[in-house]
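Here's the letter readout for the chains.
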Amino acid sequence: MNSVTTKIPGIALAAVLAFPAWLIGLYLPIIGSPVLGILFGIILSFWTRPASLQAGITFTGKKVLQYSIILMGFGLNLFNIIRAGGQTLLLMVFTLTAAFLTAYITGKLLRTESRTTTLIGVGTAICGGSAIAAAAPVIQAKDEEVAHSISTIFLFNVIAAFLFPFLGHLFGMSNDQFGLWAGTAINDTSSVVAAGYTFSHDAGNLAVIVKLTRTLMIVPVTIALALIFSRKDKESKGSYRFSKIFPWFVLWFAAASVISTFISVPQALLGFLVNVGKYMIVMAMVCIGLNTNLVKLLKNGFRPILLGLICWFVLAIVSIFVQYWIL
């Protein structure tokens, strides 16, 4: 009980600081509340805060982040995979593989931190901030590494929301072609929505379905990361317990998706749970910002951005190539 009470002040602080980020994010969805949460946290990281807040801040940045991912599962419907069809799944196999290979090779060449490389690769391949939030606790990423990754993904989300519709019209894409391209090559849901519906209503509908299907890839990818990083941990420490490193919260995320698909639950309740999950992500991002060293972030910021740019470019090109030459 004492352990719980020591966390309450820090959790309360995160909830209060997340509120303005949440409100602003509703009016500026292209920027998004999580990015604003990190920004507010980084600004306040210079504040010499009472030691009594740290336990709750650490808990929110790690555990509350995992709980938020579980709640996000209530916003996914597994029938979207069926609607998306075999072509879309084949397209995602190519694009996800290309993104991960590019991140791995480019990360080696740029000598970026392995965990930063992983987070940017996951964020680019799957679904931006949500994927980073799911992968970060599994690979035991530092707060600075999470901040680097979220910031990088955010930059290219904003660019994509404005650039993709222009390029889609320039290339003479159909609604289906652009919907597939936006859904597989733009990272965050808000930017997919912005770009898709800017192009056309039909393109936007397909882009959202494809994007939600990509989001489900969080489950197998996070489990794979747990296995990979557990082997590294075993090599460095000599032994490990699989039950300790397994991302159990991802299974709950999958269970939430199953509930929202097959069990009759009021849509208002599902929407409420998803919104609570989104708010908890903002809370976690605030705490990650509070624990981030801004000087170090700026000092090492160029290489993650270059890595993100290369991954994003390859992903966009592969998506177009597969559509025109393989599907």
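A quick note: this is a predicted structure, and the numbers were derived from the prediction, not measured.

1. What about the overall build of the protein?
At step 1: What the protein contains, in helices and strands, is 16 helices and zero strands.
At step 2: C-alpha extents for the protein along the principal axes are approximately 60 × 50 × 40 Å.
At step 3: Going through the 327 residues of the protein one by one, you find that 51% of them count as buried.
At step 4: In the protein, of all internal contacts separated by at least 6 residues, the share reaching a separation of at least 24 is 82%.
At step 5: Of the roughly 15200 Å² that the protein leaves accessible, carbon and sulfur atoms contribute 70%.
At step 6: Between the mean site of the 21 positive side-chain charges and the mean site of the 9 negative ones, the protein shows a separation of 8 Å.

2. Some thoughts on the packing of aromatic side chains
At step 1: By the definition in use, this model includes nine aromatic pairs.
At step 2: Their ring planes at 10° and their centres at 4.2 Å tell us that F178 and F199 sit as a pair that is stacked. Of this pair, F178 sits in helix α8 (residues 175–185) while F199 is found in helix α9 (residues 189–199), placing the two residues 21 residues apart along the sequence.
At step 3: A relative accessible area of 0% means that F178 is categorised as buried.
At step 4: Here a set of aromatic residues connected by ring pairs shows up, and it is made of F156, F164, F171, F178, W181, F199 and W312.

3. Things to note about the packing of helix α5 (residues 114–127) against helix α16 (residues 302–325)
At step 1: With their axes 10 Å apart at the nearest point, α5 and α16 run at an angle of 35° to one another. At the point where α5 passes α16, the crossing takes the right-handed sense. Every residue of α16 that contacts α5 at T116, T117, I120 and T124 is listed here: P304, L307, G308, C311, W312 and L315.
At step 2: Residue composition of the contact of α5 with α16, by class: six nonpolar, four polar and no charged.

4. Comments concerning the nonpolar core
At step 1: In terms of nonpolar packing, the biggest core is built from 72 residues, with F164 and W181 touching the most fellow members.
At step 2: Not counting residues up to four positions away in its chain, the partners in contact with F164 are F178, W181, A182, A185, I186, A195, W312 and A316.
At step 3: The next biggest cluster of nonpolar side chains, apart from the first, holds 15 residues, and it includes A21, Y279, V286 and C287.

5. Regarding the pattern of salt bridges
At step 1: Tallied over the entire structure, the rule returns one salt bridge.
At step 2: Close ionic contact of K62 with D143 constitutes a salt bridge, the shortest N to O distance being 3.9 Å. Placement of K62 in helix α3 (residues 54–72) and of D143 in helix α7 (residues 143–170) is noted, with a sequence separation of 81 residues between them.

6. Observations regarding unusual backbone geometry
At step 1: Unlike most non-glycine residues, R111 shows phi in positive territory, near 60°.
At step 2: The topology assignment puts R111 in the loop between α4 (79–110) and α5.
At step 3: For R111, a relative accessible area of 69% gives the class exposed.
At step 4: The backbone of Q140 shows a phi angle near 55°, a positive value even though the residue is not glycine.
At step 5: Along the polypeptide, Q140 turns up in the loop between α6 (129–138) and α7.

7. A few points about the environment of A160
At step 1: With respect to the helices and strands, A160 occurs in helix α7.
At step 2: A sequence separation of 85 residues divides A160 from G75, and the C-alpha atoms of the two residues are 24 Å apart.
At step 3: Here A160 is in contact with P165, I186, A195 and W312, once residues within four sequence places are set aside.

So, how was this worked out
- Residues numbered from 1 in each chain as written.
- Predicted model: local features only at pLDDT ≥ 70, side-chain atom pairs only at ≥ 80, totals over all residues.
- Heavy atoms only, no water.
- Helix = DSSP H or I, 4+ residues; strand = E, 2+ residues; numbered from the N terminus.
- Buried < 20%, exposed > 50% of the residue type's maximum accessible area, 1.4 Å probe, protein only.
- Contact = heavy atoms within 4.5 Å.
- Areas by Shrake-Rupley, 256 points an atom, 1.4 Å probe, with all protein chains shown as cover.
- Lys, Arg positive; Asp, Glu negative; His and termini not counted.
- Charge placed at Lys NZ, Arg CZ, Asp CG, Glu CD.
- Phe/Tyr/Trp six-rings, centres within 6.5 Å; stacked < 30°, edge-to-face > 60°.
- Axes fitted to C-alpha atoms, helices over the stretch in contact; angles between N-to-C directions.
- Left-handed = near helix turned anticlockwise from the far one by under 90°.
- Nonpolar A, V, L, I, M, F, W, Y, C, P; charged D, E, K, R; others polar.
- Core = buried A, V, L, I, M, F, W, Y, C linked by side-chain atoms within 4.5 Å.
- Salt bridge = Lys/Arg side-chain N within 4 Å of Asp/Glu carboxyl O.

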